[in-house]
Amino acid sequence: MRRLLIVGNWKMNKTASEAVAFIRAFQERMSASPHAEVVIAPPFTALESARNTLGPSSWISLGAQDVHWETKGAFTGEVSAPMLRELGCRYVIVGHSERRTFFGERDENIQKKVLASLRHGLSPILCVGESMAEREAGQTESVVTAQLSGGLAGLTKQDLATVTIAYEPIWAIGTGQSATTEQAVAVHRSIRLFIETSWDSKTASAIRILYGGSVTPKNIESLLASDAIDGALVGGACLIPESFVTIILFAQIQRV
Ligand code: PGA
């Protein structure tokens with residue numbers, strides 16, 4: 001059974017001191033459960049204070065929202081995988097649709113980021129998803145498959161064991177219009193089939209596939225009721241301790 005994973009993607013929200021206040025409020029309301037893993041992904045500038053507030057052996061893991069593929073060098077404004085590792089990150093979100101849309105990220109560079117993360121002991125969370133126009137044109141599966149084959153090119157079965165996929169339809173991100181459970185499940189199944197065809201069935205049945213896009217305390221229960229959905233990548237609803245706590249509580253009781 002795959003362990004559920006709930007990831008809070010803070011995006012460009014919260015200063016370092018706001019991160020401390022959030023984590024304290026969150027920790028007061030939550031305790032660990034073997035049934036769900038929790039990751040928070042603050043901005044780079046809040047990672048250090050987040051780590052210090054979480055403490056050295058926290059059950060909550062730290063993730064970054066992006067990474068550069070080189071280890072170091074003349075790449076103004078960028079942050080490398082070893083830098084993130086040293087700050088205590090275990091996960092990194094790669095290829096988020098906001099990075100693809102606003103910063104021109106392409107599958108070729110996303111694949112380099114996935115490989116760099118793996119090389120330096122970070123678990124990449126690769127985001128894929130279609131626009132509304134692509135969905136309406138019946139291209140959802142082909143778009144998602146192309147993003148997967150680009151982003152995961154050259155990875156071994158061993159590499160895949162530390163990769164998570166997040167299916168995030170662009171039209172559902174930040175819009176309040178989540179995909180229905182049925183829509184998400186259909187794409188999750190095609191993602192798993194792609195992994196099986198490209199690698200093997202053992203790799204496909206082990207990999208976690210999260211759903212992201214307007215996940216809230218209201219729709220999480222229905223999404224997690226399907227065993228095709230292994231957790232959620234949460235944006236807006238992860239910024240308020242109460243709603244993030246409620247989402248995690250649903251995950252903690254889901255696969256008991
Ligand atoms: P949202 O964002 O939950 O605010 O839709 C999800 C994401 O972009 O990861």
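Conventions we followed
Residues numbered from 1 in each chain as written. Predicted model: local features only at pLDDT ≥ 70, side-chain atom pairs only at ≥ 80, totals over all residues. Heavy atoms only, no water. Helix = DSSP H or I, 4+ residues; strand = E, 2+ residues; numbered from the N terminus. Rg over C-alpha atoms; globule rule 2.2 N^0.38 Å. Buried < 20%, exposed > 50% of the residue type's maximum accessible area, 1.4 Å probe, protein only. Contact = heavy atoms within 4.5 Å. Core = buried A, V, L, I, M, F, W, Y, C linked by side-chain atoms within 4.5 Å. Phe/Tyr/Trp six-rings, centres within 6.5 Å; stacked < 30°, edge-to-face > 60°. Lys NZ or Arg CZ within 6 Å of the ring centre and 35° of its normal. Axes fitted to C-alpha atoms, helices over the stretch in contact; angles between N-to-C directions. Parallel < 35°, antiparallel > 145°, perpendicular 65-115°, else oblique. Left-handed = near helix turned anticlockwise from the far one by under 90°. Nonpolar A, V, L, I, M, F, W, Y, C, P; charged D, E, K, R; others polar. Expected span 1.5 Å × (residues − 1).

Draft legend 1. A look at the overall build of the protein chain. When helices and strands are tallied, the protein chain shows twelve helices and eight strands. Here the protein chain has a C-alpha radius of gyration of 17 Å; the compact-globule value for 256 residues is 18 Å, and the two agree. For the protein chain, the spread of C-alpha atoms along the three principal axes comes to 45 × 45 × 35 Å. Taken across its 256 residues, the protein chain has 53% of its residues classed as buried. Put simply, of all contacts in the protein chain between residues at least 6 apart along the chain, 73% involve residues at least 24 apart.

Draft legend 2. The arrangement of the nonpolar core in detail. Core analysis: the largest hydrophobic core is formed by 67 residues, its most contacted members being Ile165 and Ile191. Beyond its immediate stretch of four places on either side in the chain, Ile191 contacts Val128, Val144, Leu148, Ile165, Tyr167 and Ile209. Core analysis: the second largest hydrophobic core is formed by eleven residues, Val7, Tyr91, Ile125 and Ala166 among them.

Draft legend 3. Region of the structure containing the packing of aromatic side chains. Per the stated rule, a full pass over the model turns up six aromatic pairs. Grouped by ring-pair contacts, the aromatic residues Trp10, Phe22, Phe26, Trp59 and Phe244 constitute a single cluster. In this arrangement the basic side chain of Lys14 is found over the ring face of Trp10, its NZ or CZ atom lying 5.8 Å from the centre. The side chain of Arg99 reaches across the aromatic face of Phe103, ending 4.1 Å from its centre.

Draft legend 4. The arrangement of unusual backbone geometry in detail. Although it is not a glycine, Lys11 sits at a positive phi angle of roughly 55°. In this fold, Lys11 is placed in the loop between strand 1 (4–9) and helix 1 (16–29). What makes Lys11 partly exposed here is its relative accessible area of 21%. Of note in this structure, Lys14 is not a glycine but carries a positive phi near 80°.

Draft legend 5. Spatial organisation of the packing of helix 1 against helix 12 (residues 241–254). Two elements in contact, helix 1 and helix 12, have axes separated by 10 Å at closest approach and are oriented at 40°. As judged from the angle between their axes, helix 1 and helix 12 are oblique. Seen from above, helix 1 lies across helix 12 with right-handed handedness. Residue-level contacts link Phe22, Ala25, Phe26 and Arg29 of helix 1 to Pro241, Glu242, Phe244, Val245 and Ile248 of helix 12. Among the residues forming the contact of helix 1 with helix 12, the class breakdown is seven nonpolar, no polar and two charged.

Draft legend 6. Examining helix 5 (residues 107–119) more closely. Helix length check: helix 5 (13 residues) gives 18 Å between terminal C-alpha atoms against 18 Å at 1.5 Å per residue, within 8%. Along helix 5, the residues that are buried comprise Ile110, Gln111, Lys113, Val114, Ala116, Ser117 and Leu118. Of the surrounding secondary structure, the elements contacted by the buried residues of helix 5 are helix 3 (81–86), strand 4 (89–94), helix 4 (97–102), strand 5 (123–128), helix 7 (140–151) and helix 8 (157–160). At the exit of helix 5 stands Gly121, carrying a positive phi of roughly 80°.

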